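Residue-level structural notes
Letter by letter, the chains look like this.
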Amino acid sequence: MSEDPPGDRSLRADCARCAGLCCVAPAFAKSSDFAIDKPAGRPCPNLRGDFRCGIHDHLRERGFGGCVVFDCFGAGQQVTQVTFGGRDWRAQPELAGPMFAALPVMRQLHELLWLLTEAMRLPGTARQHDRLRDALAETRRLTELSADELPTLDVDAHRRRVNPLLQRASESARAGLRRRPDHRGANLIGGRLAGADLRGANLRGALLIGADLRGADLRAADLTGADLRGADLRGADLAGALFVTPAQLDAARTDETTRHPSSPRTERSPGAATPPAVGTAAPGPDGSPAARRARTPSARRRPRGC
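All figures in this text were calculated on a predicted structure; none of them were measured in a lab.

Here's the deal with the environment of L198
On the secondary structure map, L198 appears in the loop between α5 (155-173) and α6 (246-251). Assessed through its relative accessible area of 6%, L198 is described here as buried. Along the backbone, L198 and L238 are 40 residues apart, and their C-alpha atoms lie at a distance of 9.8 Å. Contacts of L198, omitting those with residues within four sequence positions, involve H183, L213, D217, L218, R219 and A221.

Written as structure tokens, this is what we have:
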């Protein structure tokens, strides 16, 4: 019999059980998200000896807003505690390279675990639960690969196998809505969408950076991988919105009039800061959004085919 979905706790970042991997492994590019340039593999100067952030309560004010919205989905503690058995790169420097190589692969796997778990909670997906459980079991098995096996895993191929299941779950959950605007992958940067009727919209991978979504109706909209940095969601209704992560909400501008998704995984922590609106980010060397964000730990690799 296939295993049940993993608990939310295993898919939440637990920095106390991690070796500060997200503060060392990725490169930071100096930008509106990061105050400094940092090469991959070099510890952020704010990382303390106990692997905690020395400016955690003042990240935005100090120019590290990208750190605030980053979510490893629990991959950091999985790599530290399971893959490497509680060892760390400071006590054993020879582990630095393998640990840092394992993190991005594990993060993608944990993101898929989160998406699959969310898919099983969606209304109208009961007939798909067996396949979703099987995908969960296989993804969980991959997270248990050894430190030598993880870097060689073709995680993109696994994602391509999982994505159709997630897409069908999304379609089933939105099937009862007559009008379902399709803005999948759309460039809506700075878009004037205040009050827009986006119920059941497909916004997978859409670029909504700095978009004005005040009062917009986003009920049951699919926001998988949508870039909401600086998007104004004050007064917006996201009740029942699909696949919305805490990082997406933290990257946007919300207030007490914003109606959040009902999933416990998307509830923001008390006192979470709301970022100001941001301008359009410059594209990367090849002009693509993915390249633009590839060097930052807040860069959330958008699910392929979503």
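Let's talk about helix α4 (residues 129-143)
Given a rise of 1.5 Å per residue, 15 residues ought to cover 21 Å, and the 21 Å separating the end C-alpha atoms of α4 matches this to within 8%. Buried residues of α4: H129, L132, A135, L136, T139, R140, L142 and T143, and no others. Mapping the buried residues of α4 onto a view down its axis gives an arc of 155°, with all of them on the same face. Looking at α4, the residues exposed on the side facing more than 90 degrees away from the buried face are D130 and R131. Those residues of α4 that are buried are in contact with α2 (75-83), α3 (96-121) and α5.

Description of the state of the cysteines
Applying the stated criterion across every chain, the model contains zero disulfides. The thiol of C18 is unpaired, and the distance to the nearest cysteine sulfur, on C22, comes to 6.3 Å. The exposure class assigned to C18 is buried, which follows from its relative accessible area of 15%. Cysteine C22 shares no disulfide, and the gap to the nearest cysteine sulfur, in C23, comes to 4.1 Å.

Regarding α2
The buried fraction of α2 is high, at seven of nine residues. Looking at α2, one finds that the buried residues are A75, G76, Q77, Q78, V79, T80 and T83. If you follow the buried residues of α2, they end up packed against α3 and α4.

A few points about the side chain of D33
When you line up the elements, D33 lands in the segment before α1 (65-68). Within the structure, the side chain of D33 is placed 3.1 Å from the side chain of R229, a separation counted as a polar contact.

What about the nonpolar core?
Generally speaking, a soluble globular protein has its nonpolar side chains buried in company with each other. Core analysis: the biggest nonpolar cluster contains 26 residues, and L21, V79, F84, W89, M99, F100 and L150 have the highest contact counts within it. Counting residues per element, the ones that place at least two in this core are α2 and α3. Tallying contributions element by element places α3 first for this core, with eight residues. Not counting residues up to four positions away in its chain, the partners in contact with L150 are T83, A102, V105, M106, L109, L142 and L145. In this structure, A186, A196, L213 and A252 belong to the second largest nonpolar core, which totals 25 residues.

Brief notes about the packing of aromatic side chains
The tally for this structure, following the rule as stated, stands at four aromatic pairs. Grouped by ring-pair contacts, the aromatic residues F51, W89 and F100 constitute a single cluster. Sitting above the plane of the F28 ring, K38 keeps its charged end 5.0 Å from the centroid.

Some thoughts on the packing of α2 against α3
Contact geometry for α2 and α3: axes closest at 8 Å, N-to-C directions at 125°. Our classification of the angle between α2 and α3 gives oblique. You can see that α2 and α3 cross each other, and the crossing is right-handed. Residue-level inspection shows A75, G76, Q78, V79, T80 and T83 of α2 in contact with α3, the latter providing M99, A102, L103, M106, R107 and H110. Here the residues of the contact of α2 with α3 sort into six nonpolar, five polar and one charged.

Notes on unusual backbone geometry
Although it is not a glycine, F51 sits at a positive phi angle of roughly 70°. In this structure, F51 sits in the segment before α1. For F51, a relative accessible area of 15% gives the class buried. For F243, which is not glycine, the phi torsion reads 60° and is therefore positive. Here F243 lies in the loop between α5 and α6.

Some remarks on the packing of α4 against α5
When two helices pack together, their arrangement is captured by the angle between the axes and the distance separating the axes. Relative orientation of the contacting elements α4 and α5 amounts to 150°, with a least axis distance of 11 Å. With respect to α5, the element α4 is oriented roughly antiparallel. Every pair of crossing elements has a handedness; the one defined by α4 and α5 is left-handed. Contacts between α4 and α5 involve R131, L132, A135, E138, T139 and L142 on the former and, on the latter, H158, V162, L165 and R168.

Comments concerning the pattern of salt bridges
According to the stated counting rule, one finds 16 salt bridges in the structure shown. With a shortest N-O distance of 3.5 Å, E111 and R159 are connected by a salt bridge. In this pair, E111 sits in helix α3 while R159 sits in helix α5, placing the two residues 48 residues apart along the sequence. Among the salt bridges present, the one from D197 reaches R199, with a minimum N-O distance of 2.7 Å. Given the relative accessible area of 34%, R199 is considered partly exposed.

About the thresholds
- Residues numbered from 1 in each chain as written.
- Predicted model: local features only at pLDDT ≥ 70, side-chain atom pairs only at ≥ 80, totals over all residues.
- Heavy atoms only, no water.
- Helix = DSSP H or I, 4+ residues; strand = E, 2+ residues; numbered from the N terminus.
- Buried < 20%, exposed > 50% of the residue type's maximum accessible area, 1.4 Å probe, protein only.
- Contact = heavy atoms within 4.5 Å.
- Expected span 1.5 Å × (residues − 1).
- Arc of directions from axis to C-beta.
- Disulfide = S-S within 2.5 Å.
- Polar contact = N/O pair within 3.5 Å; in protein donor to acceptor, adjacent residues only side chain to side chain.
- Core = buried A, V, L, I, M, F, W, Y, C linked by side-chain atoms within 4.5 Å.
- Phe/Tyr/Trp six-rings, centres within 6.5 Å; stacked < 30°, edge-to-face > 60°.
- Lys NZ or Arg CZ within 6 Å of the ring centre and 35° of its normal.
- Axes fitted to C-alpha atoms, helices over the stretch in contact; angles between N-to-C directions.
- Parallel < 35°, antiparallel > 145°, perpendicular 65-115°, else oblique.
- Left-handed = near helix turned anticlockwise from the far one by under 90°.
- Nonpolar A, V, L, I, M, F, W, Y, C, P; charged D, E, K, R; others polar.
- Salt bridge = Lys/Arg side-chain N within 4 Å of Asp/Glu carboxyl O.

Any functional reading would require information that these geometric values do not contain.
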